Amino acid sequence: MCSIKIESVVKEKNRMGECPVWDERENALVYVDINSQKVCRWNSVTNEVHSVSVDARVGSVALRKCGGYVIALGTRFAFLNWETESVTTIAELEQDKPNNRFNDGKVDPKGRFFAGTMAEETEPGVRARRQACCKVLYQLEKEEQMPDGMCIDAEGKLWVACIDGGRVIRIDPETGKRIQTVKLPASRITSCCFGGRDYSEMYVTSAYDGLDKAALAKEPRAGEIFKITGLGVKGIPQYSYAA
């Protein structure tokens, strides 16, 4: 049985850290801080964090096959050139919905970038919750709170970040059963991905927006990014946007 280890690799606090993506080309973790309007990159070799500020809340980032990144910010898709820190708009959408913005996004196996929109938070870090009609894969327990970002491992199991639940859980999509829980030292766990040289490490983002002063005093590591090792399972490389 593997021994699970959790460590903080990015101690720079994120208001709303989200959408971690492992970039093999740079040996780096790329992620966004939505509410700070930044795309960030942590170099696993130098341990340095660099960031690029953008002009709107940025919900997601993905690798681009020809280099750089594709991002969803505000109500538009754009390319991000990391070297020049330039943002080039591809398309603008939902301009008739001024209270909407892009949130999470992923690239599919065909190299297409998908991202969903949402209404802005009612207050920092707090979203209005609406239940859509859909098939239930897994019913979260009370202490698991609300599902947020997810990723899939090499065995086809689903890992779910539980925002306000302080954990990631592993679910078997075939049976709908939870088969593993890893608790973290922050409650607002937002997303996860696999990375590292052989994709045996899991990286987990968190947030401090939505916590009051009393809660922040109890959670000094809120907003940090964590690395989990010893899970006994590996992930798969994330797909790159084809254009």
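Residues numbered from 1 in each chain as written. Predicted model: local features only at pLDDT ≥ 70, side-chain atom pairs only at ≥ 80, totals over all residues. Heavy atoms only, no water.

Draft legend 1. Broad picture of the state of the cysteines. What the rule picks out here adds up to zero disulfides. For Cys-66, which is in no disulfide, the shortest distance to another cysteine sulfur is to Cys-19 and amounts to 18 Å. With a relative accessible area of 54%, Cys-66 lands in the exposed category. With no disulfide partner, Cys-192 has as its closest neighbouring cysteine sulfur the one in Cys-151, 3.7 Å distant. The exposure class of Cys-192 is buried, given its relative accessible area of 0%. (Disulfide = S-S within 2.5 Å. Buried < 20%, exposed > 50% of the residue type's maximum accessible area, 1.4 Å probe, protein only.)

Draft legend 2. Spatial organisation of the side chain of Arg-188. With respect to the secondary-structure elements, Arg-188 resides in the loop between strand E15 (177–183) and strand E16 (189–195). Given a relative accessible area of 5%, Arg-188 falls into the buried group. Within the structure, the side chain of Arg-188 is placed 2.8 Å from the side chain of Asp-164, a separation counted as a polar contact. (Helix = DSSP H or I, 4+ residues; strand = E, 2+ residues; numbered from the N terminus. Polar contact = N/O pair within 3.5 Å; in protein donor to acceptor, adjacent residues only side chain to side chain.)

Draft legend 3. Spotlight on the pairing of strand E14 (residues 167–172). With six of six residues buried, E14 is to be regarded as a mostly interior element. Burial of E14 is two-sided: the residues Arg-167, Ile-169 and Ile-171 facing one way and the residues Val-168, Arg-170 and Asp-172 facing the other way are all buried. Where strand E13 (residues 158–163) meets E14, five bridges bridge the pair, whose relative direction is antiparallel. For Leu-158, the partnering residue across the bridge sits in E14 and is Ile-171. The hairpin formed by E13 and E14 contains three residues between the paired strands, and Asp-164 there has a positive phi angle of roughly 70°. Alignment of E14 against E15, held across six bridges, turns out to be antiparallel. When the bridges of E15 are listed, Arg-170 appears paired with Gln-180. (Pairing = 2+ DSSP bridges.)

Draft legend 4. Geometry of the pattern of salt bridges. Applying the stated rule across the entire model yields 18 salt bridges. Between Asp-55 and Arg-76 there is a salt bridge; the shortest N-O distance is 2.8 Å. One end of the pair, Asp-55, is in the loop between strand E5 (49–53) and strand E6 (58–63); the other, Arg-76, is in strand E8 (residues 76–81), and 21 residues separate them in sequence. With its nearest N and O atoms 2.8 Å apart, the salt bridge here joins Arg-188 to Asp-164. Within this pair, whereas Arg-188 is found in the loop between E15 and E16, its partner Asp-164 is found in the loop between E13 and E14, the two being separated by 24 residues in sequence. Of the residues examined, Asp-164 reaches a relative accessible area of 29% and is grouped as partly exposed. (Salt bridge = Lys/Arg side-chain N within 4 Å of Asp/Glu carboxyl O.)

Draft legend 5. Main features of the sheet that holds strand E4 (residues 38–43). Pairing is antiparallel in the open sheet, where four strands are placed in the order E2-E3-E4-E5. The open sheet has two free edges, formed respectively by strand E2 (17–23) and E5, since each of these has just one partner strand. The mean angle between the axes of side-by-side strands here comes to 20°, regardless of whether they run parallel or antiparallel. Two elements, strand E3 (residues 28–33) and E4, share six bridges in a ladder whose sense is antiparallel. Counterpart to Val-32 in the pairing with E4 is Val-39. (Axes fitted to C-alpha atoms, helices over the stretch in contact; angles between N-to-C directions.)

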